[in-house]
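# Analysis of the macromolecular model
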Amino acid sequence: MNFTTKKPTKSLHLVSLGCTKNLVDSEIMLGKLKDYEITNDASNADVIIVNTCGFIDSAKEESINTILTLHDERKEESVLVMAGCLSERYKDELQKELPEIDIFTGVGDYDKIDQLVNEKRSSFSDEVFLLSETNDRVITGSSYHAYVKLSEGCNQTCSFCAIPSFKGKLHSRTLESLVKEVKNLVKSGYCDFSFVSQDSSSFLRDMNIKNGLEKLIEEVEKIEGVKSARILYLYPSTTTLKLIEKIQKSKIFENYFDMPLQHISSNLLKIMKRGKGVEKLKELMDAMRKVPNSFVRTTFIVGHPGETQEDFEELCSYVQEYKFDRANVFSYSDEEGTAAYDRIDKVAQDIIDQRADILGEIISKTTKESLENEIKKEFEVYIDGESQEHEYLLSARKKTWAPDIDGEIYINDNELVDENNEPLKLKFGSTYKVRVTELIGDKLLATVIK
């Protein structure tokens, strides 16, 4: 009698740090290693991968601390992989200083991670990996929402940013590739999409097409099964009033405007090399705000070399006046290889920290105002599942909002009933109309009404 023994399944623990763009790359690695069982227990994992972020000091520290902690926890025969931006940016130094790591790889070999793990070797390709519709992804965190990456690299020359030094110039995917990927995802049950890249509004400009996002909107609108979409990370000098109007008129794309401004002072915008005069910039921002039911988010940097107290006060006044729906503030981080790194007019760290705290408080107030404005309103949400707060609360997200970024809404009541007049069981991943009843802390409470 012949017996066949099943090969033991190996387990994989993957940590994705940094932005949503890193998440997509992590999903590619999961796709290449789909024969592995995903585990949250790093101490028993056969393979541990940390997809690192190398953007600013705090992200770099988080990446290093995470990988050293996982090394301390892992079992002796496991394989520890350091991948992503930080690994790419400091590949020579890290390979010398971190003998704990078994495999190093950067931003060019996500689709070869299975080979690297099997052969237990490091690799740094010359080209940045560019996603295509043929890549098999294991999408995490949602059964209905997916991030779709538009491009890699960036043609901007912002004084504080080192990304082009290790990600290279803008390299867009073709529109055909994106359409095919979205269609494939729709077939797999996904209906809500967030399009991302370093500079989304420059999509296709490397192919001499200046209205790439407008063309993307037109093509995605033709795809049956797409319920909603949004675009993240617009850039001031490549965003146009026509694009804003295109988004406003779209029946699929939400009136979601995410443009990292970094500053509003004319002096600082010039120093930062942001490529847009302050009047034109405010014109764009005003146009976004005038769109009915618009949602506007941004990020700012305080303490950049050359920032005066007057510059900072101008920024604070603008944030108070504009009342962004969501905003983040970052303390300036001195990055090697950037134009700001060599400036002599540095701001003292204690002043940077103080400014970050002041602007953070202003942002907290404007965010609360934005949430309070939702009370008594009715709109569509996606139901994600049970909340972590309480077993009788469901976690939902306004259809306009981006997942894991803009917050969640608690569903605490349901007016819908079935044919037996019993409360209708809500389906996770589906959309429902709700009425917001109150704000508790930073969470909206709502009742399902349709």
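So, how was this worked out
- Sequence order as written defines the numbering, with residues in each chain counted from 1.
- Local features in this predicted model are restricted to residues whose pLDDT is 70 or higher, and side-chain atom pairs enter the listing and the counts only when it is 80 or higher, whereas totals over whole chains, interfaces and linings include all residues.
- Where side-chain values are given, they derive from all heavy atoms of the structure, hydrogens and water being excluded.
- UniProt positions are given in the numbering used here, feature names are shortened, and annotations may be inferred rather than shown by experiment.
- In these notes, a set of buried Ala, Val, Leu, Ile, Met, Phe, Trp, Tyr and Cys residues joined through side-chain atoms within 4.5 Å is what counts as a nonpolar core.
- For every residue, the accessible area (1.4 Å probe, protein chains only) is compared with the maximum for its type, and the residue is labelled buried under 20%, exposed over 50%, or partly exposed between those bounds.
- Two rings from Phe, Tyr or Trp (for Trp, the six-membered ring) form a pair when their centres are within 6.5 Å of each other. A pair whose planes differ by under 30 degrees is stacked, one over 60 is edge-to-face, and the rest are tilted.
- The way it works is that DSSP assigns letters per residue, a run of H or I at least four long becomes a helix, a run of E at least two long becomes a strand, and they are numbered from the N terminus.
- By definition, being over a ring means that NZ of Lys or CZ of Arg is both within 6 Å of the ring centre and within 35 degrees of the ring normal.
- When checking whether two residues touch, look at their non-hydrogen atoms; a contact exists if any pair is within 4.5 Å.
- A pair of strands is labelled paired if DSSP reports no fewer than 2 bridges between them.
- Note on method: axes are straight lines fitted to C-alpha atoms, helices fitted across the in-contact stretch only, with angles between N-to-C directions ranging 0 to 180 degrees.
- Segmentation into domains, and thus their bounds, comes from an automatic or database assignment.
- Put simply, buried area is the surface a 1.4 Å probe can reach on two separate parts but cannot reach once they are joined, added for both.
- As a working rule, the residues Ala, Val, Leu, Ile, Met, Phe, Trp, Tyr, Cys and Pro are called nonpolar, Asp, Glu, Lys and Arg charged, and the rest polar, with Gly in that last group.

The chain has the name Ribosomal protein uS12 methylthiotransferase RimO in an unreviewed UniProt entry, where Halarcobacter ebronensis is given as its organism. Looking at the Subcellular location (unreviewed entry) heading of the UniProt record, one finds this comment for the chain: "Cytoplasm".

Our next topic: the nonpolar core. Val 47, Ile 49, Val 81, Ile 383, Ile 409 and Ile 411 are the most contacted members of the largest nonpolar core, which totals 60 residues. One finds Leu 178, Ile 247, Val 278 and Ala 327 within the second-largest nonpolar core, a separate group that totals 55 residues.

By the definition in use, this model includes nine aromatic pairs. When the centroid spacing of 6.1 Å and the interplanar angle of 80 degrees are considered together, the rings of Tyr 110 and Phe 129 count as edge-to-face. Highlighted residues: Tyr 110 in the loop between strand 5 (103-104) and helix 5 (113-119) and Phe 129 in the loop between helix 5 and strand 6 (145-149), separated in sequence by 19 residues. No difference in accessibility class separates Tyr 110 from Phe 129, as the two residues are buried. Geometry around Trp 401 places Arg 326 over its ring, the cationic atom sitting 4.9 Å from the centre. Across the ring face of Phe 379, the terminal group of Lys 398 is positioned such that the distance to the ring centre comes to 4.5 Å.

Here we take up the side chain of Asn 22. Summarising the element assignment, Asn 22 is placed in helix 1 (residues 20-32). By relative accessible area, Asn 22 is classed as buried at 2%. Each residue touching Asn 22, except ones within four places of it in the same chain, is listed here: Ser 16, Leu 17, Asn 51, Thr 52, Cys 53 and Cys 85.

Before going further, it helps to spend a moment on the sheet that holds strand 15 (residues 394-398). Two pairing modes exist for strands in a sheet, parallel and antiparallel, and in both the strands are linked by backbone hydrogen bonds. With mixed pairing, the five strands of this closed barrel are ordered in space as 14-15-16-18-17. Between one strand axis and the next, the sheet turns through 55 degrees on average, direction left out of account. Both strand 16 (residues 409-414) and strand 18 (residues 443-448) contribute to a ladder of five bridges, which runs parallel. Residue pairing across strands places Tyr 410 opposite Leu 445, the latter belonging to strand 18.

A few words on the domain arrangement of the chain. In terms of domain boundaries, the chain breaks down into domain 1 (11-119), domain 2 (145-373) and domain 3 (377-448). Taken over C-alpha atoms, the centre of domain 1 sits 27 Å from the centre of domain 2. Residue-level contacts link 16 residues of domain 1 with 18 residues of domain 2. Carbon and sulfur atoms supply 62% of the area that domain 1 and domain 2 bury against each other, a total of about 1500 Å² over both sides. Broken down residue by residue, the surface that domain 1 buries against domain 2 is led by Lys 21, Phe 55 and Arg 89, which jointly contribute 41%. Elements supplying a minimum of two residues to the side of domain 1 that touches domain 2: helix 1, helix 2 (57-73) and helix 3 (85-89). For the side of domain 1 that touches domain 2, the element with the most residues is helix 1, which contributes five residues. For the side of domain 1 that touches domain 2, the class distribution of residues is eight nonpolar, two polar and six charged.

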